[in-house]
Every structure is written in structure tokens, then in C-alpha cells.
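These are the residues of each chain, in order.
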Amino acid sequence: MGNVSDDLLRPADGTDAFGSLVEHTVWLSAQQAAFQAAVDGAPLAESLGILVDIACSQTGGGIRSAFYLTDREGTGLRHVIGMPEHYAGAVTGITIGPDSLACGLAVFTGQPVITADVRQERRWQPWLWLAEQHGFRAVWSFPAETAAGRVVGTFALYFRDPREATPRDHELAAALSRTAALIIAQHQQAANRIEQRSEDKALREREERFRCFAANTGNVLWLANLESGELDYLNPAFTKVWGKRPEDMRDLASWLASVHPEDRDDAVLALKRVSEGETLLLEYRIQRATDQAVRRIRDTFFPIRSRDGRIRSAGGIAQDVTVDMGLFVYVVGAGDGARRDLLGALQAAGYDVRAFASGQAFLDIVGSLIPGCVVFSLRDASSLAALKELKAARGHFPVVALGSSSGDVGFGVRAMKAGAADFLEAPWTPEALLFAVRTALADIRAEADRVRGGDEARSRIALLSAREREVLEGLLAGGTNKAIARTLGLSPRTVEIHRARVMEALGAHTLPEAVLIATAAGVRPASHQGH
């Protein structure tokens, strides 16, 4: 914060500093320098700092000037250049409105606000401590307005002593403000262009990721026009699941015709509910066109609102939950020659094979892929890192690693520790490859059976009454009928009846069998059980 007196605004020859400054060559040079800095892409503070410096230097350094910038919403101001950091921090978030201080009020009214003495101004009373701390009594604020009439900021002047503004003061401030407005507008346009380019690039990247996802996911992605009944989009997975090309199913009527007759009414109701704004999950069956096989589909329906808020379209993600385990193989990271050999051997064995150039490309969409075996080509140490990331999904994506140890006997061990189910030393034979893939896919089938068993067990457990569930938890804790009865406050005969119902509901013939079913369903023993 600078300190000034009235005579600091006049040069030694007695002329009016502000009046002469407008036409002065020094000012014109500074104006040109500020414009050039803005055009060259200098930070806004640097461009406006040139104007601040010339304003201060032409008055003998006895004046502090500053620029503030309006936010995008036009509701607040932020300091750009000119004031000490402490002052700038104190006024951060200045609001724009009829009760604002000088700068906020100048933006709100679009007119200069001359506070000749802050001690005499009501608005400044809560802020006098700040004025005294920085040693000023007068504050003038001038809106920086573009030719289009948009106020983009303010130019402020601070004086040590009370001071009114003369016409020539207004003339200089107006010249400074006009120049600043042009510079600020130039800066904002450049920033908007950069932001737009960034948004365009981000949009292109998102679209590319979606195309990659849609092309490789095993789920069917669909979009439908609810008003015309047309299917606007079906991704390539539709051919695999429904057994027909996307272009052969053009509308919702055709889709409904593919739904199992017993599930068709539910599908019609789902379309009605989504048209009313509801997001829902529907399971239904279809008959695949190619082999007439019945497939079970789990489909998420969601509404899509247009700009006017109306629901004219719907989308969905349909998953084939009866997918045949053991037919999908993903070849990852192999070079062109090795990829051709791998594809040839695997496709000849009847596998559906998809290739990925790198481990990262596979990891990017692994969450949306149908479970299958991964044939992973280990080229270097970085491949092991990608292999470790797959380890968490090993149950659904067992890995057969291929590579050359080059005499390093520990290389295969490291690959197994990183998550590979098997390691084949190059050069591999088709027989060894197919045996390793079949063995790995057996793990997927076992995992699928385990999951199905858990799901079935949970369904059975859900049918138990609360009391029957308590009896089951007591049995898991090793309690006898008498101990469970004592804990629950029942008679042993009642516990025996509940126990018989539990065994029947679980489809178990022996207690150990019931324990296994309950454990698979996630049931835990009772915390406190007597014996």
C-alpha cells in the first residue's frame, strides 16, 4: 500500500499529472507494451502490471493502483495485481452488489465510485481497520468496460489523504480502464480458446474410450427412441448375445419379439417405467437366433432426458448372465508374428479370441469383459507390473504367461508370483498352449460354480424366518438343541422343530452339509452360544 498526498499528483513543473499523462508518449509506450504482452500470451497480472507501474511512476511513486477481475458468474471480484498479498487476501471474494465497497459497487453500477474519505463512508466502517493498516484514506474505483458494454473488472486508486477526483483524474482513469478492459478481454478470449481446445480434446478422448469400450465389452449397449420405437444404437456384442446383426433389429417391437413369451409382459412394463423416469434392472430370457439357445439377460434400463426435460429416449446395458464359460481367450501384448500364431492356434480350437496391444489397453476395459483366459506375452519387466494388476481378477481372468527366460531360471517363478496360473517358455507348442488354456479355464468354471452355489445358498437363507435364522447361527456356533434353547429362551422341542425346517429349507440331509451351505451364503455363527 503506497502513501501519497495531494501534491504527489502534480509534477515539479506544476502541470496536472493526470491531464498530461493521457497524451504523454510514456503512457502511449506503456499502453503499447501492455497490449503486446497480452498478445504474446503473458499472464494477465504481467500485462496489467505494466499499467499499474506507469500510473505509479508518473505520479512520483506516491500512489498505489490495482486491478480486480470479475468472476464468470459476475457475482464476485478477485485481486489481480497492485496490492500487497495481505490486502489481496483480506478482500478475496469481494461481492458485487449495492452494498459492496468501492470496486464491487463500481461493477454493480457501471459507474466510477469515488470514496473521498473512507472514515466518512458508511460502507467502509467494518473495514476501517484494513484501511488504517495499509495507510490509505481515499479510494477511487473505475469499472473496466468492454466495447460491448460488459464490465470485466475494475481499476482502483488508493491515497493516503482524503481526496476528491477532478475531471482530469477521471480522464486518466477512464483511459487506463479502457486499456485494461481490452487486455482482460484479450486474455479471457485466449483462455476460452485454450479451454475449448482442452474440452474438445477431452471429448475426443472420451469418445475414443467409449468406442474402444463398446467394441470390446461383452455387454450389449443399446439406445432407443421411445417415441418412434426405433433402436438407435447397438454395439457389436449384440451379435454374439442375440445371434443377429444390429441392423437386423431396428426397433423395440423386434426386440420384444426376441424376448421369451413368459417374460414379454415384464419387458413391456419395463419400457413404460423407464419412459416415466425410472431406472430399473430387469432379468428376462431371449432365444438366440443362430442356435435357438435360451439365454438369460440382466438388463439395466435408464431414461435419457432431452434439453426440454422430456424423456424421449432410453438406454441400457444388457449382460448375458448365462454366458458359456470357457470359450473366451484374450491375447495380450504379443508382437505381430506371435499374435498371428496365437490367434491361429486358439481359433482353430474353437475359442473366441480378442487381441490387445498392451497390458494397459487390456486393463483399461477388463471390468467390462466376459470372463476368459488371458494369454499374456511377457516382453520385459514392465509386463510383470501389468500382470500383478490382473491378480485381483484372477478368478475370472486366469493368466497363461508366455515368455523367454533367457537362462534366468527364476523368471517363470516371478511370473507365477505376479499372478500367472501357468508359464510357457518360448518357443511354445500349440499342444502345450491349448492344454494350459484348458486348465486355466477350468478354474473359471469352478469359480462360476462356487458363485452360483453361493447365490443359491443366499436365496435359501433369505427364505428363513428370523427365529430359524437364529437357530441356524446357533448351530454354526456348535450349539446343541438345549444350549440354543437356553440362549433364545425357547424349549428344546421348539428348537428341534426350527432345526428341521432349516434343514428342509437348505435342502441339507446332514448338519455338516447345512453348515457348508450356510457358510457359502455368508452366515456367521452366533457371537455368544452356550454348550
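Criteria and cut-off values
- Residues numbered from 1 in each chain as written.
- Predicted model: local features only at pLDDT ≥ 70, side-chain atom pairs only at ≥ 80, totals over all residues.
- Heavy atoms only, no water.
- Helix = DSSP H or I, 4+ residues; strand = E, 2+ residues; numbered from the N terminus.
- Contact = heavy atoms within 4.5 Å.
- Areas by Shrake-Rupley, 256 points an atom, 1.4 Å probe, with all protein chains shown as cover.
- Axes fitted to C-alpha atoms, helices over the stretch in contact; angles between N-to-C directions.
- Left-handed = near helix turned anticlockwise from the far one by under 90°.
- Nonpolar A, V, L, I, M, F, W, Y, C, P; charged D, E, K, R; others polar.
- Parallel < 35°, antiparallel > 145°, perpendicular 65-115°, else oblique.
- Buried < 20%, exposed > 50% of the residue type's maximum accessible area, 1.4 Å probe, protein only.
- Salt bridge = Lys/Arg side-chain N within 4 Å of Asp/Glu carboxyl O.
- 1 Å grid on protein atoms, 1.4 Å probe; cavity = no way out; pocket = protein on both sides within 12 Å on 5 of 7 lines; lining within 4 Å.
- Points joined across faces, edges and corners; volume = space filled by probe spheres on them.
- Phe/Tyr/Trp six-rings, centres within 6.5 Å; stacked < 30°, edge-to-face > 60°.
- Lys NZ or Arg CZ within 6 Å of the ring centre and 35° of its normal.
- pLDDT = per-residue confidence, 0-100.
- Right-handed = clockwise from strand over helix to strand, strands pointing away.
- Pairing = 2+ DSSP bridges.

Q: Explain the overall build of the protein to me, using residue names and the numbers behind them.
A: Looking only at helices and strands, the protein features 19 helices and 16 strands. A fraction of 56% describes how many contacts in the protein between residues 6 or more apart in sequence connect residues 24 or more apart. About 27,100 Å² of surface is accessible on the protein, with carbon and sulfur atoms providing 52% of the total.

Q: If you had to explain the packing of helix α18 (residues 492-506) against helix α19 (residues 511-520) to someone new, which residues and values would you point to?
A: For the pair α18 and α19, interaxial distance at closest approach is 10 Å and the crossing angle is 65°. Seen along the crossing, α18 lies across α19 with a hand that is left-handed. Contact residues: α18 offers R499, M503 and L506, while α19 offers L511, A514 and I517. Partitioned by chemical class, the residues of the contact of α18 with α19 number 5 nonpolar, no polar and 1 charged.

Q: Hey, could you go over the packing of helix α16 (residues 466-476) against α18 for me, with residue numbers and the actual values?
A: Helices that pack against each other are described as a pair by the angle of their axes relative to one another and the distance between those axes. One way to put it is that α16 packs onto α18 with a least axis distance of 9 Å and a crossing angle of 90°. Relative to α18, the element α16 lies roughly perpendicular. The residues of α18 that touch α16, namely those facing R467, E468, V471, L472 and L475, are V495, H498, R499, R501, V502 and L506. Tallied by class, residues from the contact of α16 with α18 come to 6 nonpolar, 1 polar and 4 charged.

Q: Break down the environment of E504 for me, with residues and values.
A: If you trace the backbone, E504 turns up in helix α18. Note on E504: relative accessible area 66%, which makes it exposed. Along the backbone, E504 and A514 are 10 residues apart, and their C-alpha atoms lie at a distance of 9.6 Å.

Q: Tell me about the pattern of salt bridges, residues and numbers included.
A: As enumerated under the stated definition, the model contains 18 salt bridges in all. In this structure, R123 engages E121 in a salt bridge whose closest nitrogen and oxygen atoms are separated by 3.5 Å. What makes R123 partly exposed here is its relative accessible area of 24%. Taken together, the shared-partner salt bridges in this structure form one network comprising E227, D308, R310 and R312.

Q: Explain the layout of surface pockets to me, and be specific about the residues and the numbers.
A: Its volume calculated, the second largest pocket comes out at about 290 Å³. Taken together, 12 residues form the lining of the second largest pocket, with T70, D71, R72, R150 and Q188 sitting closest to its centre. Elements that contribute at least two residues to the lining of the second largest pocket include exactly β1 (64-70) and α7 (167-216). The biggest single contributor to the lining of the second largest pocket is α7, with 4 residues. Per-class residue counts for the lining of the second largest pocket are 3 nonpolar, 5 polar and 4 charged.

Q: Give me the lowdown on the packing of aromatic side chains, citing residues and values where you can.
A: Enumeration over the complete set of coordinates arrives at 17 aromatic pairs. On the basis of an interplanar angle of 55° and a centroid distance of 6.3 Å, the ring pair of Y330 and F356 is categorised as tilted. Of this pair, Y330 sits in strand β12 (residues 328-332) while F356 sits in strand β13 (residues 352-356); the two residues are 26 residues apart in sequence, bridging distant segments of the chain. Take Y330 and F356: they sit in the same class, and that class is buried. Within the aromatic cluster, the residues linked to one another by ring pairs are Y87, W124, F136 and Y158. The aromatic ring of F159 is capped on one face by R163, whose charged end is 5.9 Å from the ring centroid.

Q: Please provide a residue-by-residue account of the confidence of the model for the protein, values included.
A: As a note on interpretation, predicted positions should not be read in detail where pLDDT is low. For the protein, per-residue confidence averages 81 on the pLDDT scale, and 87% of positions sit at 70 or higher. Note on residues 1-19: pLDDT is under 50 here. Beyond four places in sequence and across chains, it has 49 contacts.

Q: For the side chain of T70, give the residues involved together with the corresponding values.
A: Assignment of secondary structure puts T70 in strand β1. By relative accessible area, T70 is classed as buried at 10%. Setting aside residues up to four positions removed in sequence, T70 forms contacts with G76, L77, I96, V107, V151, V152 and G153.

Q: Explain the pairing of β12 residue by residue, including any values.
A: A regular strand places its side chains on the two faces of the sheet in alternate fashion. In terms of burial, β12 is a largely internal element, 5 of the 5 residues being buried. Residues F328, Y330 and V332 line one face of β12 and the alternating positions V329 and V331 line the opposite face, and both faces are buried. Note that the unit made of β12, helix α11 (residues 336-348) and β13 has a crossover that is right-handed. The pairing of β12 with strand β14 (residues 373-377) spans 4 bridges and is classified as parallel. The residue of β14 that forms the bridge with V329 is C373.

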